[in-house]
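This is what each chain is made of:
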Amino acid sequence: MLNKIDHVGVAVRSLEEVKAMYKNIFGLEPVFEEEVAEQKVRVAGFRVGESNIEYLEPTAPDSPIAKYLDKRGEGMHHIAYGVDDIKSVLEAMKENGLRLIDKEPKVGAEGKLIAFVHPKSLNGMLVELSQEK
């Protein structure tokens with residue numbers, strides 16, 4: 001059901017600072033960078049092994065990432081698991097009483113189908129499901 005850790009999402013105030021650090025220290029450039037308007041966020045992803053580290057910068061003061069930064073500051077925001085069939089995983093979670101933030105998948109960064117599961121259902125950890133299109 002869960003194939004791999006697709007990425008770890010980290011909330012930051014400045015993607016430019018993160019990109020400069022990765023370039024100067026690790027010699028890495030983002031493998032992708034884009035704005036996800038629906039989520040009010042800019043994302044830069046760096047490939048590390050089989051997974052990505054995605055840095056998330058808010059594009060509006062009312063975005064979920066801006067609210068997270070205001071409340072907790074910069075840091076790990078979520079972990080994303082790669083799945084083959086996001087709808088069946090969501091259904092299994094729902095049937096088992098997990099609290100879903102997204103009852104239906106939506107399009108996220110890199111055009112992937114995504115859905116979030118509430119941290120209260122998974123030991124305090126915000127989980128994202130991610131399916132390649």
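Everything discussed here concerns the structure shown above.
Note that the structure is predicted; figures quoted are calculated from it, not measured.

A. Looking closely at the sheet that holds strand β1 (residues 4–11). With mixed pairing, eight strands are arranged side by side in an open sheet as β2-β3-β4-β1-β5-β8-β7-β6. Of all strands in the sheet, those bounded by a partner on one side alone are β2 (32–36) and β6 (106–107). Strands β2, β3 (41–48) and β4 (51–58) of the sheet are contacted by helix α1 (residues 15–26), whose axis makes an angle of about 15° with β3. This element, helix α2 (residues 64–72), spans β1, β3, β4 and β5 (75–82) of the sheet and lies at about 85° to β4.

B. Structural detail: the pairing of strand β7 (residues 113–117). Here β7 lies mainly inside the structure; four of its five residues are buried. Summarising the sheet, β6 and β7 pair through two bridges and their orientation is antiparallel. Paired with Lys 106 across the strands is Ile 114, a residue of β7. Hairpin connection, β6 to β7: the antiparallel pair is bridged by five residues, and Glu 110 has positive phi, about 60°. Note that β7 and strand β8 (residues 127–131) share five bridges and pair antiparallel. Bridge pairing links Val 117 to Val 127 in β8.

C. Fine view of the environment of Leu 69. With respect to the secondary-structure elements, Leu 69 resides in helix α2. Under the relative-accessibility criterion, Leu 69 is labelled buried at 3%. When the C-alpha atoms of Leu 69 and Arg 13 are compared, they prove to be 7.6 Å apart, with 56 residues separating the residues in sequence. With residues near it in sequence (within four places) discarded, Leu 69 still touches Ala 11, Val 12, Arg 13, Pro 58 and Glu 74.

D. Local environment of the packing of aromatic side chains. Inspection of the entire model under this criterion finds four aromatic pairs. Where Tyr 22 meets Phe 26, the ring centres are 5.2 Å apart and the plane angle is 55°; that geometry is what we call tilted. Placement of both Tyr 22 and Phe 26 in helix α1 is noted, with a separation of four residues, approximately one turn of the helix. Judged by its relative accessible area of 8%, Tyr 22 is buried. Each ring, one from Tyr 22 and one from Phe 46, has its centre 4.1 Å from the other, and the planes form 20°; the classification is stacked. With Tyr 22 in helix α1 and Phe 46 in strand β3, this pair connects stretches of sequence that are 24 residues apart. Phe 46 gets classed as buried once you look at its relative accessible area, which sits at 0%. Taken together, the ring pairs in this structure connect Tyr 22, Phe 26, Phe 46 and Tyr 55 into an aromatic cluster.

What counts and how
- Residues numbered from 1 in each chain as written.
- Predicted model: local features only at pLDDT ≥ 70, side-chain atom pairs only at ≥ 80, totals over all residues.
- Heavy atoms only, no water.
- Pairing = 2+ DSSP bridges.
- Helix = DSSP H or I, 4+ residues; strand = E, 2+ residues; numbered from the N terminus.
- Contact = heavy atoms within 4.5 Å.
- Axes fitted to C-alpha atoms, helices over the stretch in contact; angles between N-to-C directions.
- Buried < 20%, exposed > 50% of the residue type's maximum accessible area, 1.4 Å probe, protein only.
- Phe/Tyr/Trp six-rings, centres within 6.5 Å; stacked < 30°, edge-to-face > 60°.

Purely spatial values, then, with no claim about function.
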